[in-house]
Amino acid sequence: MSHLSLTDADREEMLAAIGVSSIEELFADIPEGVRFQGRLDLEPALSEPELVAHLEELAARNAHTAGELSFLGAGVYDHYVPAVVDAVLQRGEFLTAYTPYQPEMSQGVLQTIFEYQTAICELTGMDVSNASGYDGTTVAADACFIAKHATGRSKVVLAETLNPQVRQVVKTYAPGFGLEVVEVPHRGGTTDPDELAAAVEDAACAIFQQPNFFGCLEPAPDLAAAANDADALAVAHVDPVSLGVLEAPGNYGCAIAIGEGQGAGNFQSFGGPHYGFIAARSDYTRRMPGRIVGETTDAAGKRGYVLTLQTREQHIRREKATSNITTNQTLLALAGLVHLSWLGPQGLKEVGETCMALAEHAKGLLAAAGAEPLFPDRTTFKEFAVRVGRNAREVVREARARGVHPGYALGRDYEGLDDALLVAVTEKRTPAEIRRLAEVLAEVGS
Amino acid sequence: MSHLSLTDADREEMLAAIGVSSIEELFADIPEGVRFQGRLDLEPALSEPELVAHLEELAARNAHTAGELSFLGAGVYDHYVPAVVDAVLQRGEFLTAYTPYQPEMSQGVLQTIFEYQTAICELTGMDVSNASGYDGTTVAADACFIAKHATGRSKVVLAETLNPQVRQVVKTYAPGFGLEVVEVPHRGGTTDPDELAAAVEDAACAIFQQPNFFGCLEPAPDLAAAANDADALAVAHVDPVSLGVLEAPGNYGCAIAIGEGQGAGNFQSFGGPHYGFIAARSDYTRRMPGRIVGETTDAAGKRGYVLTLQTREQHIRREKATSNITTNQTLLALAGLVHLSWLGPQGLKEVGETCMALAEHAKGLLAAAGAEPLFPDRTTFKEFAVRVGRNAREVVREARARGVHPGYALGRDYEGLDDALLVAVTEKRTPAEIRRLAEVLAEVGS
Amino acid sequence: MTKLIYERSSPGRRASSLPRHDLLAVDVPGELARERPPRLPEVAEPELVRHFTELSTRNFGIDTGFYPLGSCTMKHNPRVNERAVGIPGFRDLHPLQEEEGAQGALELMWRLQEILAEVSGLPGVSLQPAAGSQGELTGLMLFRAYFADRGELEQRREIVIPDTAHGTNPASVTMAGFELVGVQTDPRGNVDVDDLRGKVGAQTAGLMLTNPSTLGLFDENIEEIERIFHGAGALMYYDGANLNAVCGISRPGDMGFDVVHINLHKTFSQPHGGGGPGGGPIAVAAALEPFLPLPAVVRRDDGSFGLDFDRPKSIGKVRGFTGPFGVFVRSYAYIRAYGPGLREMSEAAVLNANYLLARLRDGYDLPFDRLCMHEFVLSARTLKKEHGVSALDVAKRLMDYGFHPPTIYFPLVVPEALMIEPTETEPKERLDEFCEAMLAIVREAAEDPDVVHGAPHTRPVGRLDEVKAARRAVVRYGFEEHPDLADEPAAAVAPQGA
Amino acid sequence: MTKLIYERSSPGRRASSLPRHDLLAVDVPGELARERPPRLPEVAEPELVRHFTELSTRNFGIDTGFYPLGSCTMKHNPRVNERAVGIPGFRDLHPLQEEEGAQGALELMWRLQEILAEVSGLPGVSLQPAAGSQGELTGLMLFRAYFADRGELEQRREIVIPDTAHGTNPASVTMAGFELVGVQTDPRGNVDVDDLRGKVGAQTAGLMLTNPSTLGLFDENIEEIERIFHGAGALMYYDGANLNAVCGISRPGDMGFDVVHINLHKTFSQPHGGGGPGGGPIAVAAALEPFLPLPAVVRRDDGSFGLDFDRPKSIGKVRGFTGPFGVFVRSYAYIRAYGPGLREMSEAAVLNANYLLARLRDGYDLPFDRLCMHEFVLSARTLKKEHGVSALDVAKRLMDYGFHPPTIYFPLVVPEALMIEPTETEPKERLDEFCEAMLAIVREAAEDPDVVHGAPHTRPVGRLDEVKAARRAVVRYGFEEHPDLADEPAAAVAPQGA
Ligand SMILES: Cc1ncc(COP(=O)(O)O)c(C=O)c1O
Ligand SMILES: Cc1ncc(COP(=O)(O)O)c(C=O)c1O
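A brief look at the structure comes next. As the structure is a prediction and not an experimental result, all values here were calculated from the model.

### Focus on the overall build of chain C
Right, on to step 1. Each helix and strand counted, chain C has 17 helices and twelve strands in total.
Right, on to step 2. A compact globule built from 498 residues would reach a C-alpha radius of gyration of about 23 Å, and chain C, at 25 Å, matches this within 12%.
Right, on to step 3. Viewed in the frame of its principal axes, chain C has a C-alpha envelope of about 75 × 70 × 45 Å.
Right, on to step 4. A buried classification covers 72% of the 498 residues belonging to chain C.
Right, on to step 5. Summarising the internal contacts of chain C: among those between residues at least 6 apart in sequence, 70% fall at separations of at least 24.
Right, on to step 6. When the accessible surface of chain C is summed, it comes to about 14300 Å², and 48% of that surface belongs to carbon and sulfur atoms.
Right, on to step 7. Measuring between centres, the 51 positive side-chain charges of chain C sit 3 Å from its 70 negative side-chain charges.

### A look at the side chain of Thr210(D)
All names here are of chain D.
Right, on to step 1. On the secondary structure map, Thr 210 appears in strand S4 (residues 204-210).
Right, on to step 2. What makes Thr 210 buried here is its relative accessible area of 9%.
Right, on to step 3. There is a polar contact of 3.5 Å between the side chain of Thr 210 and the side chain of Asp 239.
Right, on to step 4. Those residues in contact with Thr 210 that lie beyond four places of it in its chain are Asn 169, Asp 239 and Asn 242.

### Regarding the state of the cysteines
Right, on to step 1. Applying the stated criterion across every chain, the model contains zero disulfides over all chains.
Right, on to step 2. The closest cysteine sulfur to the non-disulfide-bonded Cys254(A) is located on Cys205(A), 11 Å from its own sulfur.
Right, on to step 3. Free of any disulfide, Cys144(B) has its nearest neighbouring cysteine sulfur in Cys205(B), separated by 4.3 Å.
Right, on to step 4. On the accessibility criterion, Cys144(B) (1% relative accessible area) is buried.

### Here we look at the packing of aromatic side chains
Right, on to step 1. Counting across every chain of the model gives 49 aromatic pairs over all chains.
Right, on to step 2. Relative to Phe305(C), the ring of Trp110(C) lies with its centre 5.5 Å away and its plane at 55°, an arrangement referred to as tilted. Taken as a pair, Trp110(C) in helix H4 (residues 103-120) and Phe305(C) in strand S9 (residues 305-308) lie far apart in primary sequence, 195 residues in all. Of the two residues, Trp110(C) and Phe305(C), both sit in the buried class.
Right, on to step 3. Judged by centre distance (4.9 Å) and plane angle (75°), the ring pair of Tyr238(D) and Phe257(D) falls under edge-to-face.

### What about the environment of Gly189(A)?
Residues and elements named next belong to chain A.
Right, on to step 1. By the element assignment, Gly 189 lies in the loop between strand S5 (186-187) and strand S6 (190-191).
Right, on to step 2. With a relative accessible area of 0%, Gly 189 lands in the buried category.
Right, on to step 3. Separated by 23 residues in sequence, Gly 189 and Asn 212 place their C-alpha atoms 8.5 Å apart.
Right, on to step 4. Those residues in contact with Gly 189 that lie beyond four places of it in its chain are Thr 161, Asn 212, Phe 214, Cys 216, Phe 375 and Arg 378.

### Observations concerning the interface of chain A and chain D
Right, on to step 1. Listed as interface residues are 185 residues of chain A and, on the opposing side, 213 residues of chain D.
Right, on to step 2. The junction of chain A with chain D conceals about 17300 Å² of combined surface from both sides, 61% of it contributed by carbon and sulfur atoms.
Right, on to step 3. Considering only the surface of chain A that becomes buried against chain D, Glu104(A), Met105(A) and Phe270(A) emerge as the three largest contributors, covering 6% of it.
Right, on to step 4. In this structure, the connection of chain A to chain D is made through 16 salt bridges.
Right, on to step 5. Of the charged contacts in the structure, one is a salt bridge between Lys396(D) and Glu104(A), with a shortest N-O distance of 2.7 Å.
Right, on to step 6. Where chain A meets chain D, there are 103 residue pairs in polar contact (both at pLDDT 80 or more).
Right, on to step 7. Examining the composition of the side of chain A that touches chain D, we find that 24 residues originate from one element, helix H11 (residues 330-368) of chain A, more than from any other.
Right, on to step 8. In terms of residue class, the side of chain A that touches chain D is built from 88 nonpolar, 57 polar and 40 charged.

### What about the sheet that holds strand S10 (residues 376-379) of chain C?
Residues and elements named next belong to chain C.
Right, on to step 1. Taken in spatial order, the three strands make up an open sheet running S10-S12-S11, and their pairing is antiparallel. The two strands at the open ends of the sheet, each matched to only one other strand, are S10 and strand S11 (407-408).
Right, on to step 2. Alignment of S11 against strand S12 (residues 417-420), held across two bridges, turns out to be antiparallel. Bridging from a neighbouring strand, Ile 408 pairs with Leu 418 of S12.
Right, on to step 3. Relative to the sheet, helix H12 (residues 342-360) contacts S10 and S12, its axis offset from that of S10 by approximately 20°.

### Topic: the nonpolar core
Right, on to step 1. Counting 213 residues, the largest nonpolar core has Leu55(B), Phe229(C), Phe268(C) and Leu342(C) as the members making the most contacts within it.
Right, on to step 2. Here the element with the most residues in this core is H11(A); it accounts for 13 residues.
Right, on to step 3. Those residues in contact with Phe268(C) that lie beyond four places of it in its chain are Leu116(C), Val119(C), Cys247(C), Ile262(C), Asn263(C), Arg330(C), Ser331(C), Tyr334(C), Ile335(C), Leu342(C) and Met345(C).
Right, on to step 4. Core analysis: the next-biggest nonpolar cluster, separate from the first, contains 212 residues, Val109(B), Ile120(B), Val85(D) and Phe305(D) among them.

### Concerning the site of ligand 1
Right, on to step 1. Around ligand 1 sit 15 residues in total, of which Thr327(B), Ser71(C), Ser133(C), Asp239(C) and Lys266(C) are the nearest.
Right, on to step 2. Positioned at a junction of chains, ligand 1 has nearby residues supplied by chains B and C.
Right, on to step 3. Contacts to ligand 1 include His265(C), whose side-chain N or O atom sits 2.8 Å from an oxygen atom.
Right, on to step 4. In this structure, Lys266(C) approaches ligand 1 through a side-chain N or O atom, which is 3.0 Å from an oxygen atom.
Right, on to step 5. Starting from 380 Å² of accessible surface for ligand 1 in isolation, the protein chains cover 99%.
Right, on to step 6. With three residues, helix H5 (residues 132-149) of chain C is the largest single contributor of residues to the shell around ligand 1.
Right, on to step 7. In terms of residue class, the shell around ligand 1 is built from three nonpolar, nine polar and three charged.

### Brief notes about the sheet that holds strand S10 (residues 376-379) of chain D
Right, on to step 1. Reading across the sheet, the three strands line up as S10-S12-S11 (chain D) and stay open at both edges, with antiparallel pairing between neighbours. The open sheet terminates on both sides in strands that have one partner only, identified here as S10 and strand S11 (407-408) of chain D.

### With respect to the pattern of salt bridges
Right, on to step 1. Per the stated rule, a full pass over the model turns up 152 salt bridges over all chains.
Right, on to step 2. Glu195(B) is the partner of Arg187(B) in a salt bridge, and the nearest nitrogen-oxygen pair spans 2.5 Å.
Right, on to step 3. The salt bridge involving Asp149(C) is made with Lys313(C); its shortest N-O contact spans 3.1 Å. Separated by 164 residues along the polypeptide, Asp149(C) in helix H5 and Lys313(C) in the loop between S9 and helix H11 (325-338) bring together distant segments of the chain.
Right, on to step 4. Exposure remark for Asp149(C): the relative accessible area of 44% places this residue in the partly exposed category.
Right, on to step 5. Exposure remark for Lys313(C): the relative accessible area of 42% places this residue in the partly exposed category.
Right, on to step 6. Bridged by salt links that share partners, the residues Glu43(A), Glu57(A), Arg61(A), Glu107(D), Arg111(D) and Arg336(D) form one connected network.

Calculation notes
Residues numbered from 1 in each chain as written. Chains lettered and ligands numbered in written order. Predicted model: local features only at pLDDT ≥ 70, side-chain atom pairs only at ≥ 80, totals over all residues. Heavy atoms only, no water. Helix = DSSP H or I, 4+ residues; strand = E, 2+ residues; numbered from the N terminus. Rg over C-alpha atoms; globule rule 2.2 N^0.38 Å. Buried < 20%, exposed > 50% of the residue type's maximum accessible area, 1.4 Å probe, protein only. Contact = heavy atoms within 4.5 Å. Areas by Shrake-Rupley, 256 points an atom, 1.4 Å probe, with all protein chains shown as cover. Lys, Arg positive; Asp, Glu negative; His and termini not counted. Charge placed at Lys NZ, Arg CZ, Asp CG, Glu CD. Polar contact = N/O pair within 3.5 Å; in protein donor to acceptor, adjacent residues only side chain to side chain. Disulfide = S-S within 2.5 Å. Phe/Tyr/Trp six-rings, centres within 6.5 Å; stacked < 30°, edge-to-face > 60°. Buried area = accessible area lost by both parts, 1.4 Å probe. Salt bridge = Lys/Arg side-chain N within 4 Å of Asp/Glu carboxyl O. Nonpolar A, V, L, I, M, F, W, Y, C, P; charged D, E, K, R; others polar. Pairing = 2+ DSSP bridges. Axes fitted to C-alpha atoms, helices over the stretch in contact; angles between N-to-C directions. Core = buried A, V, L, I, M, F, W, Y, C linked by side-chain atoms within 4.5 Å. Near = heavy atom within 4 Å.

Dropping the structure here:
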């Protein structure tokens, strides 16, 4: 297979027009010493039918959530992706376009980004959103970068209940940013506002997650207040799917809201591509990373959309830019917009309520099956932790042998939680499936 | 789930504009005696996620050819459908449009039909094709209807090697058309031209299949000549996928070419929707059934396409129409056009050669495994019949238990062939898969 | 002008790549081998995709906007149904798979049969017919078989059809070997019962009726009509093209019909695909069940599903296998999304139509002054008389406002007919915009008729010369010999039916 | 004007339907509960589909036509890759699935790593970075880690970057905590080696270079550059944005680079999606391998595939999980379709670019008179001077001819730059049409400059007021309080970079 369009006749004509006699001559500028000799050592080309057969064979060796009953979450969720999302994303005019540098050619993409920005602002209660970040981890690093420059401080405080991968990424970025990272341990599954207050002294920002990595609801307004009291930026990492039932960060004092968009519109896809979102109060508009679309008019007064505030960006500001991001996750963010438009405010609320009710139901059945909640006093959203009485990774392995993936073994990230399992229940799970989980855990648990 | 757009407020406003106070009143014209009382006894509505889960559960109980190694053919084939076909068919402007009654709104569909007609004419060597028939069976009835009116005769001759389902459909239509159906038995897997010549005396047409139902190559030019000698129409039922290597019916004297389009662009889909094609020499243009698109211009001389020769059709000619067909199979024919455009002449030839070479290879391996060819003297295309030495349906059942569907049990249609299996080998099959078939047949055969 | 794909071709280009094996090639005997390759397109995939993308943008679908094509029920096509039909267990299932390997598909068909029986009020269902027209023909074949079985076939030669009927009805009559007897429409838009009485007797095989009719009116005398036909020993066929008006509200079986076809692509939202596919299942009264096409999809005593070929009285097969399965998947999905709420679907369709009617009745002639069902027919007679603006002109001008025109010049009993069917999936805003356009055209007809006569002004082509098309009959590309029709004199533009 | 989806909303409408269960509802503690619902769109599915369909028609993609956006490698996106990514075993796979349940995915990633190592000529690969920019940043983090490990981090603070570099390079330098040192371009378009020598020393951490450069020129002194940096104990970073020029022809590793990122969305055809997603895997020399991000995808001794977290010197994670897997599927599929034929891919890209260059060099200024690689940069300087027609004007006018404009005003060293990259998937006809348009614009500039200044004339909007946009910063819909910007005075239209 090859996607080349040139015939031999084309090639001859073109070489003649260029005035060379072989394609080889076109590479004359490449010094002999750095030319590659021979053929690349790659497997032979596959025809399209063979390629599909090969990929199907690979895919068949993956246990996916349409084949295995799964309660895995921990940052990526098996929410239902409506069919309209596929339909919109496969429109070639969206799929095969790039960043709308030329607005007259790209009103479609520009308008969808403007609509996306609006949806993110509405969800989070913020004034400005960019066109997307890479994922829910890198937007946390972005938030730190904003906070550092906004406050002139170089300490960032992370709640230990913030997704471990998010914390790891912030730590990877920290040396380059010149940041020191401080973590606040959890107390019974959530963060103590007083402890956060103590840690956030002199800090640029504090980042916490709502609902947190354990699925528990944090005392988010109190955490935000603690940060605000120290003149640090309060940054909430939120689950978009929760924001029909949970308050928007903008409404409890946060300066910045960030999050992983996957649950709104993206398939799990072994971890990506998804989109991260970042939204802020208008104070931080000119510190935002990445693309932002704004409204304007043409000379005739017709409404139109353009990339705006570009003096923040690398292609104008170079080493002084607010970020180096160029290629972002627009297509995935479009999926998010379509998904959120499909849900509407009522649908978003219903998904939240259904997840919450099913998760609570699961908690009860699991407790009855011997898997007691790890943090029994906490309200949870769609995810909760249980103790399985023995090494949770072994429990996972044995449950999978029975056709059920029971969740994420928390010992992979938290010391002392080797016997704990994080169970996610989305609106796609049914009471019957939850019963099955309880049965299996009763069999393989302690 | 429901796809209704009206809100309660809309409803109130609209009822007021109409001047009634309830929706009920709109049905005042329906006599009390024929009103339906109560609610339809249907299962409750499913939400979109539930609907998908339900359908996936049903689909999981089907053994499809991406999961089971299959050599089933007999009219529907597991040819590779290129991904571009999906991409084009999912364009909403094609998918959700209807028959292009208003050409200025529908140049896209009209041009694709014109291109499709051209492709079918090129494949078959004919002058005119319609926009599609229902499938490969009903176009045979259409051909009989043309032949009856063109010749004024009322006998139709069918080769016994014509797909049994095609013959059954012709027989179902025959009484209404006032036709008598005569069948010519096969001799060693193909039709004897002399026998056909005898039968076609006074007939309106003779229909034979190339390659025939057993996969064998008929002496098609001789069969056509026999029909022509009797002033009957020679009608060839052809496999589009074969026409890169096999001669076009128009080039050996046929008046009409018909066929099942599935192999060119359509998934198997448990038998439909697919498309039937029918093409003819220009003598029969005005007797053709269904839609035909023609070229014309607008007042400014711009080229455009319209439905043409409509005085043949039911909406103009009513009881004198050449057919009652209205809704046809345009979307599937579009798939055919895209597939044929993807193949090109060279690709079409390669598919044919590959199928033929693989099938011949399979014939050898199967013979070695004890499944001897049923018609050893005949050249075959992508399908061939073998004797398995015991009831073939039982062989099918036992082979399936080993993960291989070995083909179609010919005893379902032909007396005396209870031990015969029709094996189809498309370009998707590999030598390794063929070896596996031979192994399994060696195990479960006689 | 958009090039034809053949005009974009270049020798040696291709999009396809195919497996090749190191196997012995097989020779095709000389006179059976292809001599000159078919001139299929030769393009690489990039241009292939662009070509069809470009053509798609020259086409208008429901996804583009409002498409009130009367009698065609152009409702929204939910995207989840497209997802459903692509599940490999449906998409890649061979129709001759053993029953054990196709239980899910058979169950889906069986369930759809049960649903259609409930909706139609008739117990026996065959999903096999490929479209409404084939459903009609199949129904009339059942009439033949039924009367043949009773020894009355020679005697019962006539099928009665009202003058409002769709063209497929008379065409089906001929194809089924019956003779057509026409019956008139009365001043209220019902079948003229007096006319009817004189035409029904021992020679009558049956009636074909659309109810609501193509005028969008429910026949108020349906019970009397039933008495007339059944009283004469004749059968009644229900053309289900307008079933979208009456789901859960009135059932053909309860009206007395013996056979009904259901256009799955209309009422149950199969995407129309530029002309098809469709599905035309039929539901029949118990007396006709033995004659239904082969095979029947059945549930066996053990709860499994299967195909029953053992039906000695069956008329046989009317198409391959068991019908257009992919269409069944979509329609089954559509129905399951509504459940018993199908009634609300029909109610909304009727509400939408009456709302349009109420807003448009002052601008156009209304031939029958009644509430309508899911569609209605206006006439541009006055516009034509007063301003020379015909139904065709109105249709063409609507395009400039961004709407697909309604069906025009049908039904034949209404001069300058405009047949408007909004369907239930349109929001009120679209209906309002349409009304404003329709009424603006009425004003334009008076104030600036030329702008209407010259319409459309905003489409890729102007009005096309259909007479030239029919006269020249250029129905395929001719490569080097392809004519340039722009060189030829124009012919008058003929009005067109739909 | 196309309505915003919020302007199409109506309270109470929705497209979604969701499972509901008869379970106890859970109360959210008061102050944590949402008080006022977010004002998300309220539309039913029919209008949802229409809205996005309409917006798509207001956008131009590769599927629409030629898109020679320099540096972005807008090549065809084969549809089979979209099919691949939708296979449930890929699409619905959770990233935290146990290794035994993800062998196919892990194998695919491992195979892709092997391929990228071969193509780049560098042995260690991490697929994790989300795009080229993040690949750069990750690469510079590796520099940090490498020098920290050697105790040289304090000393080596500077990264050298030529003035032709893409903006991401300097931005990445800052984010990685290094300092930028610029180096000039010489008259042949190579890095000015004399300038360079004076800037490299014990303080130098490394170089970032694009080769071929953003001028589309292969640096003829690359071997000398390598000696300078490695001689000073510094490292070399290869910005792989232009790798499409040299696959199988010249490998970054063989040129002496220590780290390279590969933009999968460019060279290996991930659809650009209106801005993303991308993929920015990095390949590194053996000395840098210990520092690569966590986890590594490895093949174990038993032939199985797994994730290795045991890399004590790793810089850590730069994004979630193991990278954008769906992007890997597409790029892997793309590469497998070529196999060793990747060389022919690059050859065709270079041939196409040189053909355009040959045809256009007489109409525009050519700043560096050399054969180009896969792209080239022209200048509209003369047009501007003589007719007042700028690169921006040329770009806007190209739209009227049906082409997406090239990249303009970049690289910064060329005034009035037009940076043109055709890619290998364009057929000659498209190239010819483009040349004719470009040359027609040259004539128009002389004969009718106003038509060029006023362009585009055929797009849904005219040139948009970017100054107004930036000044007002209306970056979200404001519902009842949304301003009407048409009321505000116009600001001059500023030229824009890309
Ligand atoms: C009233 C009426 N009857 C019959 C038909 C024929 O149905 P089909 O197009 O499905 O063959 C149609 C539609 O075309 C129709 O509108
Ligand atoms: C030369 C060059 N370097 C770096 C980048 C950044 O790559 P990405 O957009 O993948 O982040 C780009 C593209 O935008 C580029 O053209």
